[in-house]
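The chain contents come next:
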Amino acid sequence: MSLLEQIHSPSDLKQLSDSQLQELADEIREFMIGAVSKVGGHLAPSLGVVELTLALHSVLDSPSDKIIWDVGHQCYTHKIITGRAEDFHTIRQYGGLSGFPNKCESDHDIVGTGHSSTSISYGVGIQEAIRLAAAQKELAGIDATINGDARGDNKAGGEKSGDSDETSSVAGGDRHPGHVACVIGDGALTGGIAYEALNQAGHLKTPLIVILNDNEMSIKPNVGAISQYLHRLRLDPTLYKLREEFEHGIIEKIPGLRGASRSIKESMKAFMVPGMLFEEMGFAYIGIIDGHDVKALRKSIRAAMEIERPVLIHISTVKGKGYEPAEARPDTFHGIAPFTISTGEAIKKPGPITYTEAFGQGLARMAEDDEKIVAITAAMSSGTGLYHFEKKFPDRFFDVGIAEEHAVTFAAGLAIGGFKPVVAIYSTFLQRAFDMLVQDVALQELPVVFALDRAGLVGDDGPTHHGAFDLGYLSLVPGLTVMAPSDEAELQNMVYTALSMNRPVAIRYPRAAGRGVALPDVFEKLLVGKAEVLDSGEGALLLGIGTGVGICRRAARMLVEQHGLRPTVVNARFVKPLDEELIRKLAAEHELVVTVEEGTAMGGFGSAVRELFAEDASVPVKSFTLPDSFVPHGNRGKLLRDIGLTPEAVAGYVSEKVLAKKIIPAEQRKIYGDS
């Protein structure tokens, strides 16, 4: 029996030696590669932290001790050893395991994560809650004693002070009431919220363990001064010797510094000693540790557990460790589709160009003729299709790291300077920069173009990554033009239009293949705020936006084929400004109005249409939208069927309403002999 077959919970790891844990790591990698090759997933991040995960779970007592995974795409080993190995083949599949930590799956998943740089904030809050609870428990015990309660060990205060293993040093016990370990990558340290949390933890002296998993990568190699700082720590072995010498008083031997003030000595130390950035923030710094050496990792974690203040353990790992294709191409294997193990090549299905690719190619073409166009991404050049732009115009391409708030305000600065910034961010991640979008772009009336990839349901990555809310939160911003293409050619024309408008514009599009239409040789400026009538009919008016247009067109075909009904189909193109004139005119000619969008009901396209007819009860409006709930992960088509956002659902509703009112289309009137 393999070691992996003997592991059913983290407690099973505690009986294993360092060498056995190292052997188990190899088994887990083989198991993980085999499963992910069939279903796809975040392979490279998880391969890089196998030893770290085993070290954490073999030393800590999860879930009493809390392990928080930043982002969470590196949690596969954690899932495997916390009782989910038998279901691991369902990872990211419809009805299967989530690809991220999920509180509904296991008590060991402390936080359901999916966005970056939040782990330390969670950790500080949880650890301070533990500390407060321990202090309140002690106070309750003291009150019971003062009141002469001989049963103090059973009353609200629990055990008498000092009698329980669960009592912290705050309450006079000999065991910490619960350790909290946050695993954060160096890529996530480009996010500002991480420093806000480090700042508070250092101020409060929160006994928190932060493990900095340094692999020089987020999805692609990291950028920025912090990355360079960590790189210097990693590569200069003389810095470790300097640290030891400084800490043993060698500074007193430097000519001119004997007897110098403490501030001068600390300044010298901060200038030369590794880890002093974190030391100055109030953290004890341990590092750099080989992140693939189980013995060294366990030793460091045990040492951190003994320190009653925040500790940062700096480890060095290899993203994709143990699988050569993933080590060679960690960006490709960050999130990989099913692949062939022997070659590492993705199993690709033939099909049309994706919206992402169409955007990337189109923007690069436009930038050839306009040197004022600049592109900005938040660590997502490949995911947003900007690698075309990056390759052609490196001086006009900016990767700001995982810092969406900065990306937006940085773009505002570029716009003030006379450039045309295009900010390409996943829909779900722009949520993090909403204030900057409002205050720093829209309020200033600056010509920043937001290209929102992954709008609507993204499928396997689930609720943390679904772009469900963008139409709602974008539509409420004054002065912001909001549009969504019905195909990949229209997307390119929308980008071209947006760059000519000299005002803030947002374009949202799905994570999906296009319709296979020909891309424009010459880009076309669209009439802002004007919809397009695709099919003229009567009875029902079908208004679609983005992917909703395709649903409307397929529903219309069903209605013709099954019931002889021929509705009018409109590609709205713009959510803001809405083509009110056309919609009012068409609504007056039809008995029923139906809107279709891949977004939430509140504040989106359908909401805008309903508001248009709020005072006219004679125009019934039915909206097909995403539900007012978080949609789970799984195949996008299956999810859409589950929530009823399909051509069949639209056609069924229209046929029921139209036939019930006996609305007879023109073609049928001729059959019946009507003039």
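Values in this document were obtained by computation on a predicted structure and should not be read as measured data. For every chain, the first residue of the written sequence is number 1, and numbering continues from 1 onward in sequence order. Only residues with pLDDT of 70 or above have their local features reported here, since the model is predicted, and side-chain atom pairs are shown and tallied only from 80 upward, although totals for entire chains, interfaces and linings are computed over all residues. Water and hydrogen atoms were dropped before computing side-chain values, which therefore reflect all heavy atoms in the structure.

Now for the overall build of the protein chain. Each helix corresponds to a stretch of at least 4 residues labelled H or I by DSSP, and each strand to a stretch of at least 2 residues labelled E; elements are numbered beginning at the N terminus. Across its full length, the protein chain holds 25 helices and 17 strands. Relative accessible area decides the class of each residue, using a 1.4 Å probe on protein chains only: under 20% of the type maximum gives buried, over 50% gives exposed, and in between gives partly exposed. Across the 675 residues of the protein chain, 54% fall into the buried class. Note on contacts: a residue pair qualifies if any of its non-hydrogen atoms lie within 4.5 Å across the two residues. Considering only intrachain contacts with a sequence separation of at least 6, the fraction spanning at least 24 residues in the protein chain is 75%. Per element, the accessible surface of the protein chain, about 29000 Å² overall, is 52% carbon and sulfur. Per-residue and other accessible areas follow the Shrake-Rupley method at a 1.4 Å probe size, with only the shown protein chains counted as cover for residues.

Here the focus is the sheet that holds strand β15 (residues 574-576). Spatially, the seven strands line up as an open sheet ordered β7-β6-β8-β9-β11-β10-β15, and their pairing is mixed. Where the open sheet ends on each side, the last strands, each with one partner, are β7 (397-399) and β15. Strand-to-strand twist across the sheet, computed as the mean angle between neighbouring axes with direction ignored, equals 20°. Examined bridge by bridge, strand β9 (residues 449-455) and strand β11 (residues 505-510) share five bridges and lie parallel to one another. Within β11, the position partnered with Ala451 by the bridge is Ile507. A pair of strands is considered paired only if DSSP assigns at least 2 bridges between the two. Here an axis means a line fitted to C-alpha atoms, over the contact stretch when the element is a helix, while the angle between two N-to-C directions is reported on a 0 to 180 degree scale.

Further remarks concern the sheet that holds strand β5 (residues 311-316). Strand order in the open sheet made by the five strands is β1-β2-β3-β5-β4, with parallel pairing throughout. At either end of the open sheet lies a strand with only one pairing partner, and these are β1 (66-69) and β4 (284-290). Strand-to-strand twist in this sheet, taken as the mean axis angle between neighbours without regard to direction, amounts to 20°. Set on the sheet, helix α3 (residues 50-59) makes contact with β1, β2 (180-185), β3 (209-214) and β5; between it and β1 the angle comes to about 160°.

Quick look at the confidence of the model for the protein chain now. Values of pLDDT, ranging from 0 to 100, describe the predictor's confidence in every residue of the model. Overall, the prediction assigns the protein chain a mean pLDDT of 87, with 85% of residues at 70 or greater. Segment residues 237-242: pLDDT under 50, and ten contacts once partners within four positions in sequence are set aside and those in other chains are kept. Across residues 264-273, where pLDDT falls below 50, the model places 19 contacts with residues more than four positions away in sequence or in other chains.

This part covers the environment of Ser98. In this fold, Ser98 is placed in the loop between α4 (76-84) and α5 (119-146). Residue contacts for Ser98: discarding those within four places in its chain leaves Lys79, Ile91, Arg92, Glu105 and His633. Any pair of N or O atoms that falls within 3.5 Å is considered a polar contact. Within protein, one atom must be able to donate a hydrogen and the other to accept it, and sequence-neighbouring residues count only if both atoms are side-chain atoms. Within the structure, the side chain of Ser98 is placed 3.0 Å from the backbone nitrogen of Phe100, a separation counted as a polar contact.

Attention shifts here to helix α19 (residues 488-499). Taking 1.5 Å of rise per residue, twelve residues should cover 16 Å, and α19 covers 17 Å from first to last C-alpha, within 8% of that figure. For α19, a buried count of eleven out of twelve residues is recorded, marking the element as mostly surrounded by other parts of the structure. Restricting attention to buried positions, one finds in α19 the residues Glu488, Ala489, Glu490, Leu491, Gln492, Asn493, Met494, Val495, Thr497, Ala498 and Leu499. Measuring from the backbone nitrogen of Ala489 back to the side-chain oxygen at the start of α19 gives 3.1 Å, which picks out Asp487 as the cap. Helix span, expected: 1.5 Å multiplied by one less than the number of residues in the helix.

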